[in-house]
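Below are the chains, spelled out letter by letter.
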Amino acid sequence: MRTGLPLTADDLALTRFAVSPMWEVVAACRALAADPVPVPHRRWAAQVRPRLAAAGLDRGWLAELVPPHGHLPDFLNPVPDRPVTDLAAELAAIRATGPALLRHDLDCLHADRGNRDGRDGRGGRSGPRLRALEREPEQALRRITAEIEAFWQLALAPYWSRIGAVLEADVLRRARRAAERGSAAVLGELHGTVRWADGTLHLSERHCAVTRIPTGAGLLLVPSVFAWPRLLTRTVSPDPPQLCYPALGAATVWEHRPAPRAEALAPVLGRTRTRLLAELDVPASTTELAARCGITAPAASQHLTALRTAGLVSSHRAGRFVLYARTAVADGWLAALP
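Note that the coordinates shown come from a computational prediction; the quantities given were computed from them, not determined experimentally.

Each value, and the rule that gives it
Residues numbered from 1 in each chain as written. Predicted model: local features only at pLDDT ≥ 70, side-chain atom pairs only at ≥ 80, totals over all residues. Heavy atoms only, no water. Pairing = 2+ DSSP bridges. Helix = DSSP H or I, 4+ residues; strand = E, 2+ residues; numbered from the N terminus. Contact = heavy atoms within 4.5 Å. Axes fitted to C-alpha atoms, helices over the stretch in contact; angles between N-to-C directions. Salt bridge = Lys/Arg side-chain N within 4 Å of Asp/Glu carboxyl O. Buried < 20%, exposed > 50% of the residue type's maximum accessible area, 1.4 Å probe, protein only. Lys, Arg positive; Asp, Glu negative; His and termini not counted. 1 Å grid on protein atoms, 1.4 Å probe; cavity = no way out; pocket = protein on both sides within 12 Å on 5 of 7 lines; lining within 4 Å. Points joined across faces, edges and corners; volume = space filled by probe spheres on them. Nonpolar A, V, L, I, M, F, W, Y, C, P; charged D, E, K, R; others polar. Phe/Tyr/Trp six-rings, centres within 6.5 Å; stacked < 30°, edge-to-face > 60°. Parallel < 35°, antiparallel > 145°, perpendicular 65-115°, else oblique. Expected span 1.5 Å × (residues − 1). Bend = angle between axes of the 7 residues up to and from the residue. Core = buried A, V, L, I, M, F, W, Y, C linked by side-chain atoms within 4.5 Å.

Peer 1: How do you make sense of the sheet that holds strand 5 (residues 220-224) when you look at a structure like this?
Peer 2: Sheets are built from strands paired through backbone hydrogen bonds, the pairs being either parallel or antiparallel. Strand order in the open sheet formed by four strands is 2-5-7-6, with mixed pairing between adjacent strands. Bordering the open sheet on either side are strand 2 (16-17) and strand 6 (232-234), each of which pairs with just one other strand. By the bridge criterion, three bridges tie strand 6 to strand 7 (residues 242-246) in an arrangement that is antiparallel. Bridge pairing links Arg234 to Gln242 in strand 7. Helix-sheet contacts for helix 9 (residues 160-181) involve strand 2, strand 5 and strand 7, and the interaxial angle to strand 5 is about 135°.

Peer 1: What's the story with the pattern of salt bridges in this structure? I'm lost.
Peer 2: Oppositely charged side chains can form a pair if their charged atoms are brought close together. Under the definition given, this model contains 15 salt bridges. The closest approach of N and O atoms between Arg59 and Asp58, which form a salt bridge, is 2.8 Å. The exposed category is assigned to Arg59, whose relative accessible area is 53%. One salt bridge connects Glu279 with Arg275, and the closest N-O pair in it is separated by 3.0 Å. With Glu279 and Arg275 both in helix 12 (residues 271-279), this residue pair falls four residues apart, about one helical turn. Overlapping salt bridges, with partners in common, bring together Arg43, Arg162, Asp281, Arg326 and Asp331 in one network.

Peer 1: It is not clear to me how the side chain of Asp105 should be interpreted in this structure. Could you clarify?
Peer 2: The residue Asp105 is located in helix 6 (residues 99-116) in this model. Of the side chains bearing the opposite charge, Arg234 lies closest to the buried Asp105, which forms no salt bridge; the N-O distance is 7.0 Å. If sequence neighbours within four positions are ignored, Asp105 has contacts with His71, Leu72, Pro73, Asp74 and Phe75.

Peer 1: In this structure, what is going on with the layout of surface pockets? I would like to understand it.
Peer 2: To locate leftover empty space, one rolls a probe as large as a water molecule over the atoms. There is about 210 Å³ of room inside the second largest pocket. Lining of the second largest pocket is provided by Cys29, Leu32, Ala33, Arg49, Leu52, Ala53, Leu57, Asp58, Leu62, Ala63, Val66 and Phe151. A per-class count over the lining of the second largest pocket returns ten nonpolar, no polar and two charged.

Peer 1: Mind showing me how you'd approach the packing of aromatic side chains here?
Peer 2: Counted by the stated rule, this structure contains six aromatic pairs. Ring centres of Tyr159 and Trp254 lie 5.4 Å apart, and the angle between their planes is 75°; on these two criteria the pair is classed as edge-to-face. Within this pair, whereas Tyr159 is found in the loop between helix 8 (137-156) and helix 9, its partner Trp254 is found in the loop between strand 7 and helix 11 (266-269), the two being separated by 95 residues in sequence. Comparing Tyr159 with Trp254, the two get one shared label, buried. The rings of Trp44, Tyr159, Phe226 and Trp254 are connected pair by pair, giving a single aromatic cluster.

Peer 1: Help me understand empty space enclosed by the protein in this model?
Peer 2: The full count for this structure, using the stated rule, is one cavity of 30 Å³ or more. Looking at the largest cavity, it is lined by 15 residues, and the ones nearest its centre are Pro158, Tyr159, Arg162, Asp281 and Pro283. Classifying every residue of the lining of the largest cavity gives eight nonpolar, two polar and five charged.

Peer 1: How should the packing of helix 2 (residues 21-33) against helix 8 be read in this particular structure?
Peer 2: Geometry of a packed helix pair, given as the angle between the helix axes and the separation of the axes. The contact between helix 2 and helix 8 brings their axes to 11 Å, and the two run at 75°. In this view, helix 2 runs roughly perpendicular relative to helix 8, as classed from their interaxial angle. Within the contact between the two elements, helix 2 uses Pro21, Met22, Glu24, Val25, Ala28, Cys29 and Leu32 and helix 8 uses Ile148, Phe151, Trp152 and Leu156. Looking at the contact of helix 2 with helix 8 residue by residue, the class counts come to ten nonpolar, no polar and one charged.

Peer 1: Before we go on, may I ask you to explain helix 3 (residues 42-54) in this structure?
Peer 2: Since one α-helical turn is 3.6 residues long, residues separated by three or four positions face the same way. Compared with an ideal rise of 1.5 Å per residue, which puts 13 residues at 18 Å, helix 3 spans 19 Å between its outermost C-alpha atoms and is within 8% of the ideal. If you look at helix 3, its biggest bend is around 35°, right at Val48, and the proline Pro50 turns up within four residues after that. Every buried residue belonging to helix 3 is among Trp44, Ala45, Gln47, Val48, Arg51 and Leu52, and all of these are buried. Those residues of helix 3 hidden inside the fold are in contact with helix 2, helix 8 and strand 9 (321-326).

Peer 1: Is there a simple way to think about the nonpolar core in this case?
Peer 2: Proteins that are soluble and globular tend to have nonpolar side chains buried together. Among the nonpolar cores identified, the biggest contains 76 residues, and Trp44, Phe75, Leu133, Ile148, Phe151 and Leu156 are the most heavily contacted of them. By residue number, the principal contributor to this core is helix 8, which donates nine residues. When near neighbours in sequence (up to four residues on either side) are disregarded, Ile148 contacts Met22, Val25, Leu62, Leu76, Leu87, Leu91 and Ile94. Ranked by size, the runner-up nonpolar core spans 15 residues in total, among them Leu265, Leu304, Leu312 and Leu334.

Peer 1: Can you help me understand unusual backbone geometry in this one?
Peer 2: Glycine aside, a negative phi is what most residues show, and trans is what most peptide bonds show. With an omega dihedral of 5°, the bond running from Asp35 to Pro36 counts as a cis peptide bond. Within the secondary structure, Pro36 is located in the loop between helix 2 and helix 3. Here the residue pair Ser237 and Pro238 is connected by a cis peptide bond, since its omega of 5° sits within 30 degrees of zero. Position of Pro238 among the secondary structure elements: in the loop between strand 6 and strand 7.

This is how it looks when you write it as structure tokens:
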């Protein structure tokens, strides 16, 4: 499929970047649904899939709403209202989804299922959750956002320090590129399927479609760690078109980082707390960390509480799970060790 998005001078003037947690949720769900999972995300998928399965999130609302191919529900990606938006604001916008947009998304999802089943239009077999969304939208939207919060805590929040740093660095690099070479250079470098020519942004990927009519003015560019290798789009009136593209350096989020030498920080933090920080290259529970470090679970909990108070560790609860992760401050400390 080849589509073109004409951009006027006003559109270019209103073009902006935004970091969106919900785009990462949707793109992460699509990555998990893929068979196989894209190579850069396999280390992350191996870590989070058991947690999601234990919480029943591998067969919930998101699993039905976000298929590995086809239409992505537009209501899951409201327009971010600031350069770095927060999940709570996006969830509030999802709960306020209007009936017209919801109807459009349901029609598209029904059609996708019909095509996969060898049928036409709404003849596909829709799951019980899609039918519930159709019958009782307000109640279903509340359940969907509650599940998104649980998914976030288990699959993304423990990694957000690294993910957010990559997304914000991408925006800064592209903003600098725009200052040096102009907006056209930035638009032409977003993705291998994007080309800027004659005042039009051309997309040549069969999974993507974007149009100027009847969308609003401007263009919203959203970097993503999980979108790779695709470009994802959203075209909904009266909002500006959205392009969710793979962020520069996305694969580095999941690179294994060898444990640094504990001796350098041990005089400051103590050997046990330094070891705990080193082990948190991958987010883990108290029990897992205690086993790795050869200490009791209560001792690990006490040390983790002290590290969290100092801003070096964050904790993320979803149901019975509590996962600990290093903060950006701790990553900076460890990266600076000789």
